[in-house]
Every structure is written in structure tokens, then in C-alpha cells.
Amino acid sequence: MMVHIPAVLTPDQVARCREVMEKAAWIDGNVTSGHQAAKAKNNLQLPESAPEARELSNMVLEALGRSPLFMSAVLPKQVFPPLFNRYDPGMTFGNHVDNAVRSGNGARIRTDVSSTLFISSPEDYDGGELIVEDTYGAHSVKLPAGDMIVYPATSLHRVTPITRGSRIASFFWTQSMIRDEAQRALLFDLDMSIIRLAGDHPEHKSVVSLTAVYHNLLRQWAEV
Ligand code: NI
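Quick caveat, the model's predicted, so the values are computed rather than measured. Every chain's residues receive numbers from 1 upward, in the order its sequence appears when written. Per-residue local features are limited, in this predicted model, to residues with pLDDT of at least 70; the limit for side-chain atom pairs, both in listing and counting, is 80 or more; totals at the level of whole chains, interfaces and linings are taken over all residues. With hydrogens and water excluded, all non-hydrogen atoms of the structure serve as input to the side-chain values.

S.K.: Any chance you could explain the pairing of strand β14 (residues 148-152) here in plain terms?
M.R.: A regular strand carries its side chains on alternate faces of the sheet. Accessibility here uses a 1.4 Å probe with only protein chains present; expressed as a share of the type maximum, an area under 20% marks a residue as buried, one over 50% as exposed, and anything in between as partly exposed. Each helix is a run of DSSP H or I of at least 4 residues and each strand a run of E of at least 2, with the numbering of both proceeding from the N terminus. The buried fraction of β14 is high, at 5 of 5 residues. Here, a strand pair is defined by DSSP locating no fewer than two bridges between the strands. Summarising the sheet, strand β10 (residues 113-118) and β14 pair through 5 bridges and their orientation is antiparallel. Residue serine 115 lies in a different strand from β14, and its bridge partner there is valine 150.

Quick look at the structure:
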């Protein structure tokens, strides 16, 4: 299940990110790669320990906390501190799967869900599509600045070569309370259906009973 989450960052926050990043010292993106991914990867990254990265990382974390759609789609148990990368012309990241476990900055998580939050506007660069493969085929993603895509970390994915401009994004992993992807997708569909039903028919008795079903499934499946 891939979910597009619009306007995670406000235009002002996107502008702040770009301002900080213009002055930042970027390093080789392979510092966070596993052995397999390192062979495919050619991009730049903000060092995790840099004060700029900390400031922006906290900004993204706070924004996620205010996003009901992220909460519902991901059911986060723990979010790994968001990182930032940049692709300039010629840079790319070939097909790979993200490491199953991530540690750093005192955190260690199982990566259930991968997220990419676009900071560059699509008109600022050519190429740089995120391609995610699942059982339904390959999905190409290029979103407005401030928007985010979340997808199962089990998916093979890649970033196509940049041919003009720079593509800047934040990326991070989340351990979900719901390890199983199919269960997570089912809970998300149920939650969205309840919200729609409650919007159209606020007094309908099924709103309460379906909400109970949602919470009781969550109670059965959640690792907290
Ligand atoms: Ni990846």
C-alpha cells in the first residue's frame, strides 16, 4: 500500500529547509547504506550529526505528529530521525531494498514503512522519479514540495537519474505497531471508511460499532 500524504510541510517550512540546505556541507550518501545498496547508490546526504540536520529532522518529526493521515496509514511505533538527501545531475539510486534494521542516534528500529518527503518542486528538476515496485507493477512518484509518499519498506525501489537541477528530499523509516503489511492496509481502509461514513451520516449507529471493530482489531494486532 502506497499512500500520498499532501502538505506535510507548509510552504514556509519548505523554504526554511531549502535555506538551511543551501549552506550545508553535503557528504557522500553511502554513509547510511547497507553493502548491497552502496553499489547502487550515488547521491549526497546531510551528516546525521550536523546541527542543520537536527533542526530540520525535528521539524519533520513534529509535522508527522500533526498528520492524521500519516498516523492512520503507518500506525507508528517509532520513527527513525528523518535524514536528507540530494541528487544532482547524473546522480541516481538503482534498484534496492532498504535495510531491515536501522540503528543510529541511540535508536534501533525494524524498518516497516519507508517515507520520502519531497522538498524540491517537481519543476526544479528532471528525472529523479521514485519508482516503487509491488505486486501490481512499478509506480512512479514525483510530488509537490512538502508532500510525502509512504510505502512498505519491503518493496524494491529506485530513484531515476537526474538530468537537470537538484532533487532534495527527506527520507526516513518507521517501525509500525502493525508489523504485517496486509493488516496495516486493512486497518487503514477501515479507518478511512469510518471517517467517510461519519462525515456523510454522523448519526449512523454503524459509526460506533465499526469504530469498536477498528480498535478491537488494533488491540489484537498492535505491538506497543
Ligand atoms: Ni531506499
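S.K.: How should the coordination of the nickel ion be read in this particular structure?
M.R.: Four donors placed tetrahedrally around a metal ideally meet at 109.5 degrees, and six donors placed octahedrally ideally meet at 90 or 180 degrees. Coordination shells were defined by N, O and S atoms within 2.8 Å of each metal, extended to 3.2 Å for Na, K and Ca; water is absent from the atom set, which can make sites look incomplete. Protein coordination at the nickel ion: the donors are His96 (NE2), Asp98 (OD) and His157 (NE2), at 2.1 Å from the metal. Coordination of the nickel ion draws on donor residues from a single chain, spaced H-x1-D-x58-H in sequence. Of this pair, aspartate 98 sits in the loop between β7 (92-96) and β8 (101-104) while histidine 157 sits in strand β15 (residues 156-159), and the two are 59 residues apart along the sequence. Take histidine 157: its relative accessible area is 4%, and that puts it in the buried class.

S.K.: Just to check I follow, could you spell out the environment of glycine 128 for this structure?
M.R.: Position of glycine 128 among the secondary structure elements: in the loop between β11 (125-127) and β12 (130-134). A C-alpha to C-alpha distance of 9.2 Å links glycine 128 and arginine 164, two positions 36 residues apart in sequence.

S.K.: Explain the packing of aromatic side chains to me, please; I cannot follow it from the model alone.
M.R.: Centre-to-centre distance and the angle between the planes together describe a pair of aromatic rings. Each pair of aromatic rings taken from Phe, Tyr and Trp, with Trp reduced to its six-membered ring, is defined by centres within 6.5 Å and is described as stacked if the planes are under 30 degrees apart, edge-to-face if over 60, and tilted in the remaining cases. Taken as a whole and assessed by the stated rule, the structure comprises 3 aromatic pairs. Ring pairs connect the aromatic residues Phe80, Phe171 and Trp173, which therefore count as one cluster. Two thresholds decide whether a charge sits over a ring: the Lys NZ or Arg CZ must be within 6 Å of the ring centre and within 35 degrees of the ring normal. Against the face of tryptophan 173 rests arginine 102, its NZ or CZ located 4.0 Å from the ring centre.

S.K.: Teacher, can you tell me more about the packing of helix α5 (residues 181-200) against helix α6 (residues 205-221) here?
M.R.: Packed helices, taken two at a time, are described by the angle their axes make and the gap between the axes. Where α5 meets α6, the closest approach of the two axes is 10 Å, and the angle between their N-to-C directions is 160°. Between α5 and α6, the angle is such that the two are roughly antiparallel. Along this stretch, α5 crosses α6, giving a crossing that reads as left-handed. Within the contact between the two elements, α5 uses Gln183, Leu186, Leu187, Leu190, Asp191, Ile194, Leu197 and Ala198 and α6 uses Ser206, Val207, Leu210, Thr211, Val213, Tyr214, Leu217, Leu218 and Trp221. We call Asp, Glu, Lys and Arg charged. Ala, Val, Leu, Ile, Met, Phe, Trp, Tyr, Cys and Pro are nonpolar, and the rest, Gly among them, are polar. Taken together, the residues of the contact of α5 with α6 sort by class into 13 nonpolar, 3 polar and 1 charged. For helices, the fitted axis covers only the stretch in contact; all axes are lines through C-alpha atoms, and the angles between them, taken along N-to-C directions, range from 0 to 180 degrees. Each angle is binned into one of four classes, with values under 35 degrees roughly parallel, values over 145 roughly antiparallel, values of 65 to 115 roughly perpendicular, and all other values oblique. In this scheme the handedness of a crossing depends on how the near helix is turned from the far one: anticlockwise by less than a right angle means left-handed, clockwise means right-handed. Contacts were defined at the residue level, with two residues in contact if any of their heavy atoms lie within 4.5 Å.

S.K.: Looking at this model, I keep getting lost on empty space enclosed by the protein. Mind explaining?
M.R.: Over the atoms rolls a probe the size of a water molecule, and its path tells where empty space is left. With a 1 Å grid laid over protein atoms only, a set of points is called a cavity when a 1.4 Å probe fits there but cannot get out and a pocket when it is open yet has protein on both sides within 12 Å along at least five of seven lines; lining residues have an atom within 4 Å of a point. Grid points are joined across faces, edges and corners, and a volume is the space filled by probe spheres set on the points. The final tally for this structure, using the stated rule, is 2 cavities of 30 Å³ or more. Considered as a void within the structure, the second largest cavity measures approximately 60 Å³ in volume. Taken together, Met1, Ala73, Val74, Val113, Val150, Tyr151, Pro152, Glu181 and Arg184 make up the full set of residues lining the second largest cavity. Counting only elements with at least two residues in the lining of the second largest cavity, the list comes to α4 (68-74), β14 and α5. Here the lining of the second largest cavity gets 3 residues from one element, more than from any other, and that element is β14. Residues belonging to the lining of the second largest cavity are distributed by class as follows: 7 nonpolar, no polar and 2 charged.

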